[in-house]
Amino acid sequence: MCDRLVRKGLVTRRNRDDDRRAAWMTLTPAGRDLVGDAMRRRATEVGLVGELSMTRPRAVLAAMASLALFTRIRLYMCTRLPGYDRS
C-alpha cells in the first residue's frame with residue numbers, strides 16, 4: 001500500500017538509519033489536499049446524519065443500511081470499469 005501511495009505522489013518515504021524495518025512517511029502537498037478533501041466530505045456526511053430525526057430510529061437505521069449497501073455496490077461497479085487503475 002505504501003508503495004502505491006509513493007508512486008501516486010501522495011507520500012514520500014525516508015528510510016530510518018536506526019531501524020531498517022521502519023521508514024518515515026510524509027504527506028506531500030497532493031496527499032494533504034486529498035486528506036483535506038476527504039475530511040471535508042466526511043464532515044458533511046456526519047453533519048447530515050446528525051440532522052436525522054431520532055423519533056423514528058428504525059427508519060434512520062434502514063436509511064443508513066441502504067446508503068451503506070449503495071456505497072458498496074457503487075465501489076464494486078467502479079472497480080470493474082475498463083481502465084480502472086488498481087495500483
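All figures in this text were calculated on a predicted structure; none of them were measured in a lab. (Residues numbered from 1 in each chain as written. Predicted model: local features only at pLDDT ≥ 70, side-chain atom pairs only at ≥ 80, totals over all residues. Heavy atoms only, no water.)

### Here's the deal with the overall build of the chain
No. 1: Each helix and strand counted, the chain has three helices and two strands in total.
No. 2: Each helix (α) and strand (β) of the chain, taken in turn from the N terminus, gives the series α-β-β-α-α.
No. 3: Taking all 87 residues of the chain together, 8% fall into the buried category.
No. 4: Pairs at least 24 apart in sequence give 13% of the contacts found in the chain among residues at least 6 apart. (Helix = DSSP H or I, 4+ residues; strand = E, 2+ residues; numbered from the N terminus. Buried < 20%, exposed > 50% of the residue type's maximum accessible area, 1.4 Å probe, protein only. Contact = heavy atoms within 4.5 Å.)

### So, the environment of Trp-24
No. 1: Structurally, Trp-24 is set in strand 2 (residues 23-27).
No. 2: The spatial distance from the C-alpha of Trp-24 to the C-alpha of Thr-12 is 8.1 Å, given a sequence separation of 12 residues.
No. 3: Apart from the residues lying within four places of it in its own chain, the contact partners of Trp-24 are Thr-12, Arg-13, Arg-14 and Arg-16.

### Observations concerning a nonpolar patch on the surface
No. 1: Residues Leu-27, Val-35 and Met-39 make up a contiguous nonpolar surface patch of roughly 260 Å² in combined accessible area.
No. 2: Classification of Met-39 as exposed rests on a relative accessible area of 57%. (Patch = residues over 30% accessible without salt bridge, like charges linked within 9 Å, V, L, I, M, F, W, Y side chains within 5 Å. Areas by Shrake-Rupley, 256 points an atom, 1.4 Å probe, with all protein chains shown as cover. Salt bridge = Lys/Arg side-chain N within 4 Å of Asp/Glu carboxyl O.)

### Details of the pattern of salt bridges
No. 1: The full count for this structure, using the stated rule, is four salt bridges.
No. 2: A salt bridge links Arg-13 to Asp-3; its shortest N-O distance comes to 2.8 Å. Here the residue Arg-13 occupies a position in strand 1 (residues 11-15), and Asp-3 occupies one in helix 1 (residues 2-7), the gap between them amounting to 10 residues.
No. 3: Take Arg-13: its relative accessible area is 38%, and that puts it in the partly exposed class.
No. 4: The partly exposed category is assigned to Asp-3, whose relative accessible area is 44%.
No. 5: One salt bridge connects Arg-21 with Asp-19, and the closest N-O pair in it is separated by 3.1 Å.
No. 6: Overall, Arg-21 belongs to the exposed group, its relative accessible area being 78%.

### With respect to the side chain of Thr-28
No. 1: One can find Thr-28 in the loop between strand 2 and helix 2 (29-50).
No. 2: You can call Thr-28 buried: its relative accessible area is 13%.
No. 3: Excluding residues that lie within four positions of it along the chain, Thr-28 makes contacts with Gly-9, Leu-10, Val-11 and Thr-12.

Don't take any of this as a statement about function, it's just geometry.
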